[in-house]
Structure formats: C-alpha cells, structure tokens
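# Understanding the architecture of this molecule
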Amino acid sequence: MRVILPPVTPEETVAHASPMIGNLGWAFYFTPETLARGKELGLDGFRFYFLGRGGVLGDVDWPVVQAAFGYFAPALVERIWTSARERVAPAAAAHEYWNCCAALGRARLLGIEDLDGFCGAAKAVNDAADPVGLTLYSGTRAQPLADDAPARAMQLLAVLREHRGSAHLLAVRASGLDAKTAHFIRRPADIGSFGWTADDAPAVTDVERAKLAAVDTLTDELVLPAFAVLDADGRHALLSGLDAVRAALA
C-alpha cells in the first residue's frame, strides 16, 4: 500500500528528503560486495572509494580530487589517489563503483512498491539540477543510469547525494569558511579518518560556528530549485520512496 503523506511544500520536501538522501546515498561504499570487487581490482576499500567516487573526474592529478572532495587532508588524498591511480584507471574504477551501486539496489530494493514512481521523481530532480560549480556532482551525474528500477533507484540516491554534497561545499566557501574548519566543527570525531590530526585543528570561535549554521540554509536554497519541479504527487512519490528504501536498507 502506498504511504499517504500530508501535503508538503518544496521547502519541506528538501528538509525531509535531504537527510535521508545523505544517509542512504553512500550505502554501497563499503559493503562486503563492494570491498570484494575492489579487492579483485587490486584496491583496498579506501582506495576503491577514492578512485571509484573520484574517477568520474577523469585521470586527473590529486589536487583536483582534493578540491572536489573538500574535506580530506591534502596529504591523504595525494597518497591514496596517486597509489590507486597507478593500479587502475580512474574511469574504469568509477565504472566498477557505479556497478557496485547498482548491485546493492538489485540486492536490497527489489519488491518496493511504486519504485518506478520514486525513480521518476528522483530523476526529475536530477534533471532539473544545475551542475554549474558542482564538480563532483557534475561528474557523477554523467554516469549512465541502469534500466531496472532497483539499480536505478540506488544510483539516483547516490547522484542526488553528490548534488547536495557539492552544493554544501560551495556554500561553505561562499560563507567565508574553509572546508577544513567546517569539517572540524561539524564532525570532530571523524577528523582522523579524513587524514587530519589534532595539531591541524583551526581556531574556532562563535563567528565560525555562526557561519556554518548559515551554510545549511544556503545549501537548502541552492538545491531547492531542483526539488521545486516536482508537483504534489512527485513530492509524495519521492518521500514515500525514501521511506521505503530506508526500511529496505536498514
């Protein structure tokens, strides 16, 4: 049975959908199946993540990837990207990573009611999004979508996650913050996994915290036009589909 939701505005749709897209869109990154495929290619999980996600940018040098990813320490990106790139061509890794995304959809999302409706709504948002200035999103968006709904749904979640993530990074810079400072404020427990140490910590005052609070509002404003193309039925299809996918991936 289709979930019946109360009427929601485009702004409410962004507010409800964005956290779910952010949490669901990376679900395939480190699954056992993805890690196994990376191992077959000669890449450990972290190198497959970097090369698979960043390979949509092409065979570029590491500073390009560091700028597009935003939050990783440059030394970490240089080491991981350069060593991974020596083993597998970035475009080939990106293709394999995208297939891993599709595979998770086929394994976990089959049987969700009205998954075609969700895919239609998510694709409408993706088609309406302006990729200008959103480097990683632009590259991911160029990847072909699978024909079957379970795989396509997972890929659309991944690409819409990159949409907001790239918009958020743009908003961070527009606010006057650098990405490292924003990351230290927002995710202090994760700095080690992103290559930073306590010695790298920037000076953080209430000024920087206020700027970061404004970043979320600006990010919503940047992605809103894409979601605004949905009519009421489309908004309901997107949100009810996200709820169903979340349950299936739990």
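Residues numbered from 1 in each chain as written. Predicted model: local features only at pLDDT ≥ 70, side-chain atom pairs only at ≥ 80, totals over all residues. Heavy atoms only, no water.

### Side note on the overall build of the chain
As a reminder of what qualifies: The helix and strand labels rest on DSSP assignments: H or I over at least four residues marks a helix, E over at least two residues marks a strand, and numbering proceeds from the N terminus. Atoms counted for the radius of gyration: C-alpha only. Globule rule: 2.2 Å times the number of residues to the power 0.38. Throughout, exposure labels follow a simple rule: accessible area from a 1.4 Å probe, protein chains only, divided by the maximum for the residue type, with under 20% read as buried, over 50% as exposed, and the rest as partly exposed. Note on definitions: a residue-residue contact is assigned when non-hydrogen atoms from the two residues lie within 4.5 Å. Computed with a 1.4 Å probe, the accessible areas rest on the Shrake-Rupley method; for each residue, only the protein chains presented here act as cover. Positive charges are assigned to Lys and Arg, negative charges to Asp and Glu, while His and the chain termini are left out of the count. One atom stands in for each charge, and that atom is NZ of Lys, CZ of Arg, CG of Asp or CD of Glu.
Each helix and strand in the chain was counted, giving twelve helices and zero strands. When the helices and strands of the chain are read in sequence order from the N terminus, they spell out α-α-α-α-α-α-α-α-α-α-α-α. Its C-alpha radius of gyration of 18 Å places the chain within 12% of the 18 Å reference for a compact globule of 250 residues. C-alpha extents for the chain along the principal axes are approximately 55 × 45 × 30 Å. The proportion of buried residues among the 250 residues of the chain is 48%. A separation threshold of at least 6 residues defines the contact pool for the chain, and within that pool the share at least 24 residues apart is 77%. If you sum the accessible surface of the chain, you get close to 11500 Å²; carbon and sulfur atoms cover 57% of it. Computed over 23 positive and 30 negative side-chain charges, the inter-centroid distance for the chain is 4 Å.

### Remarks on helix α4 (residues 62-69)
Note the cut-off: Taking the helix axis as origin, the arc is that swept by the directions to the C-beta atoms.
For α4, the full list of buried residues reads Val65, Gln66, Ala68 and Phe69. In an axial view of α4, the angular spread of the buried residues amounts to 165°, which keeps them on one side of the axis. Packing partners of the buried residues in α4 comprise α3 (45-54), α5 (74-85), α8 (135-141) and α9 (149-174). Immediately beyond the C-terminal end of α4, within one or two residues, lies Gly70, with a positive phi of roughly 90°.

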